[in-house]
Each structure stands twice: as C-alpha cells, then as structure tokens.
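Take a look at the letters that make up each chain.
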Amino acid sequence: MIRTIVFWLHLTVAAAAGVVILMLAVTGAVLSLEETVTGLAERRYFVAAPEGAERLRPEGIVAAAGLTATSLSYRSDPRAPVHVHEGQDRYARVDPYTGRVLARGPGGLERFFEGAHNWHRWFNVSGGSVRRARAVTGAVNLAFLFLLLTGPILWIPRPVTRRSLAKALLLRRGARGAKRDFNWHQVVGIWSVLPLAVIAATGVASSYPAVGDRVYPAVGNVVPAGAWPAGSASEGAGIEGAEVETAAIAGDARRPPDPDLRAALATAEAWAPEWRTLILNMPRPTDPEVRVEVRGGRAGQPHRTGLLTLDAATGAARAWESFADATPARRAQQFLRYAHTGEYWGLGGQLLAGLFSLAAALMVWTGLSLAVRRLRRFVRLRRAPPTSGTA
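Residues numbered from 1 in each chain as written. Predicted model: local features only at pLDDT ≥ 70, side-chain atom pairs only at ≥ 80, totals over all residues. Heavy atoms only, no water.

Participant: Help me understand the overall build of the protein chain, please; the structure alone is not making it clear to me.
Facilitator: Looking only at helices and strands, the protein chain has 12 helices and 8 strands in total. By the compact-globule yardstick of 21 Å for 391 residues, the protein chain is too spread out, its C-alpha radius of gyration being 28 Å. Across its three principal directions, the C-alpha atoms of the protein chain cover 115 × 45 × 45 Å. The buried share of the protein chain, reckoned over its 391 residues, is 41%. A total of about 21,800 Å² of accessible surface is found on the protein chain, and carbon and sulfur atoms cover 60% of it. For the protein chain, the separation between the mean place of its 46 positive charges and that of its 30 negative charges on side chains is 25 Å. (Helix = DSSP H or I, 4+ residues; strand = E, 2+ residues; numbered from the N terminus. Rg over C-alpha atoms; globule rule 2.2 N^0.38 Å. Buried < 20%, exposed > 50% of the residue type's maximum accessible area, 1.4 Å probe, protein only. Areas by Shrake-Rupley, 256 points an atom, 1.4 Å probe, with all protein chains shown as cover. Lys, Arg positive; Asp, Glu negative; His and termini not counted. Charge placed at Lys NZ, Arg CZ, Asp CG, Glu CD.)

What follows is the structure in structure tokens.
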C-alpha cells in the first residue's frame, strides 16, 4: 500500500516537473564544460612571449585597449593576453608585450554560455520576472529532490536477492521498449542518487534566501576554512603603507601621488607565487588603495581566492582577506554555491557534476517515456469495446 502511494506521488511530481528538470539537467551539463571550453578557445589568442621581455605597464595596456577600464585580468601563463574589462559586458584581449588588441568581446562562445546560464537560473527572462522564475527553478529543484528520495523506495527490488540486485544495479543488454527504459531509469538512478541529491539540495538553498539563511550558519561550522596562501600582510608593510597615505594627504595643496599599478602587481605576484589569475581593480587617481583579487585555482574555488589590498603609491601590502577570514555563513554560502556546480573541487568535480547532470537528463527522459507508455495503455484500455460473456 505504501509503495503504491509513493509510486503515484512519484509519477505525478515527475509528470508535472519533468520537462523543466530536463532543461536544468541539460543546461547544467553544458555549463560544466564552460571554463574548460572557453580556456581552450582562449589559446588561439596566445602570443609569443619574447625571452626576457617584460609586460607593458597596466596604464599602457589600458590605453591600448581604448576602454574606460574597470579591471585588468592577468593569467600566470606569460603567453596569455590581458583582459581589459569595461564593466561586465565589454572587454578587450590585449597583447601584454606590444599592446596590440587581439579581439574584443564578448564573442559568440561567451554569449552561448551566458544564455545557458540564464536558462538554467531563470528561463532566460529579464526584469521583474527573474525573481519569479528563480522561485520556479527552486521549486523544481525541490521536486527533483523529492523524486530522488522516493525513487529508491521504488527501485530497490523485492525480494532482495542476488539476482534481483544484479538486475537493479546493472544495465541489461538487448532490452527493448519499456523494459529498456525501466532498466536505464532504475540503474542510473541508483548509481546517481546521492550526488544528484547534493546538487538538488544546494540548488534549493541558492534559490530560496529564507532557506539559505537557516542552512548557512549550520553548514558554515563544518566547512574547512583553509587559509590560502599561508601567511598574511606583514606589520611592516601595513605601517609603511599607512605612513605613505598620511604623507600624501597631509597637505590640502599637495596632490596625492599617482597609483603605481606595476608595483601593486609585482607585490600580488610575490604574495602568492602559485597564483593562477590576478584581477586588478582599477583605482581612481585619488584612491589611496589598490585591490587585487588573487586566484590560485579555478573560478569556482573560493578557498583558493583572496583579496589583497595594497598602497596605491608604493604597492606595499596592507591587508589580505581570504576564505578563512569570511564569516561561517559566508563560507557556507560560497561552498554550497560552487558545490552545486562541482567547481569547488576543481576540474574533476566540475566534470563529475556534468556527468551526473547527463544522468539526470537520462532519468527524466526514460521516466517520461515510461509515463507516456502507461498513459497510452490506459487510453487503449478505455477505448477498447467491452467483451460480452457467453452463457
């Protein structure tokens, strides 16, 4: 009786949310390849790094780009171009040695992945509809979590024997039609249920702030802080920076010294020798500080990212804020955000998340196929003429 009730609940929820779950699974699989694909595409803009040559000053790169730069993005690979960003929507790739503009973006590949992001998060709507669309995707994540929790009740064979377990855990060769769909649905579901439950649960926490506010404090206490890199700004550097700032603003008539962005970059490179990406936020001429985001891993690894604050005039380090310095709730928010995509664990985690997203798509497809087959059988039985018995 309980199994029958669970089956009809499972079927009803799957029929109502299946198409949207399929869309989320497909776009999730596509997005799992974003950083890898865009990184490979970026290689066509790599330049020959002259032996012993130094990069142009940041000011020269900005001037060559012809943009009102808000940030500059450097890669540790000396062949990689510098990305000069103007806000979030415009950027130029610039040869760091000659100042030649290699390309302007975003290009077709970036727009494709941006569209996939928008569909995955809020059905590619805009304006005031975004909030309502995010509520729908959150509800669908919740429905998917329900399907994952009730699925094992239906998939675990009864009675449990060696032969029945083999049928439930292994793909059957030669199966056709409904038997094939059920076998794929069952096997893929059993092997994928735990990671998919993590993906669905983290999606719910991200979609509903009220849920996140209750989850983050609890999760934050178990998320490893992991200071990166080991060490912090020296007291001497902080004192030196403070003295320079005081001297710069001591007299009203004195103009503050221009920011030394090259010195700031050199300090950031030395601060974390294993850095992978440096994002220099362009200061205004009167700003006493320069901020550089230092990434030691991929974009979705906040525990390998920190913000270095430097003195604008000398490039001396003033402060370092890493993942370990954030509040437990903030660490939990970042962890759950990137655990949802697998990015927190680097390339391997991202590819696994994409693989399980494909598994979810296959489960939805076979589940909907089974539901349609059941509906067709029901319609045929209703339309079949009644049979009359003979006396």
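Participant: Even after reading the chapter, I still don't get the nonpolar core, so can you show me in this structure?
Facilitator: A general trend in soluble globular proteins is that nonpolar side chains are found buried together. Judged by nonpolar contacts, the single largest core of 29 residues is most densely connected at Leu72, Val84, Leu278, Val292, Val294 and Leu308. Aside from chain neighbours lying at most four places away, what touches valine 294 is Trp228, Ala272, Trp275, Thr277, Leu278, Arg304, Thr305, Gly306, Leu308 and Trp320. Core analysis: the second largest hydrophobic core is formed by 26 residues, Val140, Leu145, Leu154 and Ala359 among them. (Core = buried A, V, L, I, M, F, W, Y, C linked by side-chain atoms within 4.5 Å. Contact = heavy atoms within 4.5 Å.)

Participant: Explain helix H8 (residues 209-220) here, please?
Facilitator: Since the α-helix packs 3.6 residues into each turn, any two residues three or four apart lie on the same face. Compared with the 16 Å implied by 1.5 Å per residue over 12 residues, the 16 Å span of H8 between its first and last C-alpha is a close match. Taken together, the buried positions of H8 are Gly212, Tyr216, Val219 and Gly220. Down the axis of H8, the smallest arc covering the buried residues is 80°, so these residues share one side. Seen from the open side of H8, the exposed residues pointing more than 90 degrees away from its buried face are Asp213, Arg214 and Ala218. Its buried side turned inward, H8 meets helix H7 (177-207) and helix H11 (328-341). (Expected span 1.5 Å × (residues − 1). Arc of directions from axis to C-beta.)

Participant: I tried to follow the sheet that holds strand S7 (residues 305-311) on my own but got confused; where do I start?
Facilitator: The strands that make up a sheet pair up through hydrogen bonds in the backbone, lying either parallel or antiparallel. With antiparallel pairing, 8 strands are arranged side by side in an open sheet as S4-S3-S2-S1-S5-S6-S7-S8. Looking along the sheet, the strands with just one partner apiece sit at the ends: strand S4 (101-105) and strand S8 (317-322). Averaged over all neighbouring strand pairs, the angle between strand axes comes to 20°, with direction disregarded. Both strand S5 (residues 277-281) and strand S6 (residues 289-295) contribute to a ladder of 5 bridges, which runs antiparallel. Paired with leucine 280 across the strands is valine 292, a residue of S6. (Pairing = 2+ DSSP bridges. Axes fitted to C-alpha atoms, helices over the stretch in contact; angles between N-to-C directions.)

Participant: Before we go on, may I ask you to explain the side chain of histidine 185 in this structure?
Facilitator: Within the fold, histidine 185 resides in helix H7. Given the relative accessible area of 12%, histidine 185 is considered buried. Within the structure, histidine 185 has its side chain in polar contact with the backbone oxygen of methionine 363 (distance 2.9 Å). Beyond its immediate sequence surroundings of up to four residues, histidine 185 is in contact with His10, Trp155, Met363, Thr366, Gly367 and Leu370. (Polar contact = N/O pair within 3.5 Å; in protein donor to acceptor, adjacent residues only side chain to side chain.)

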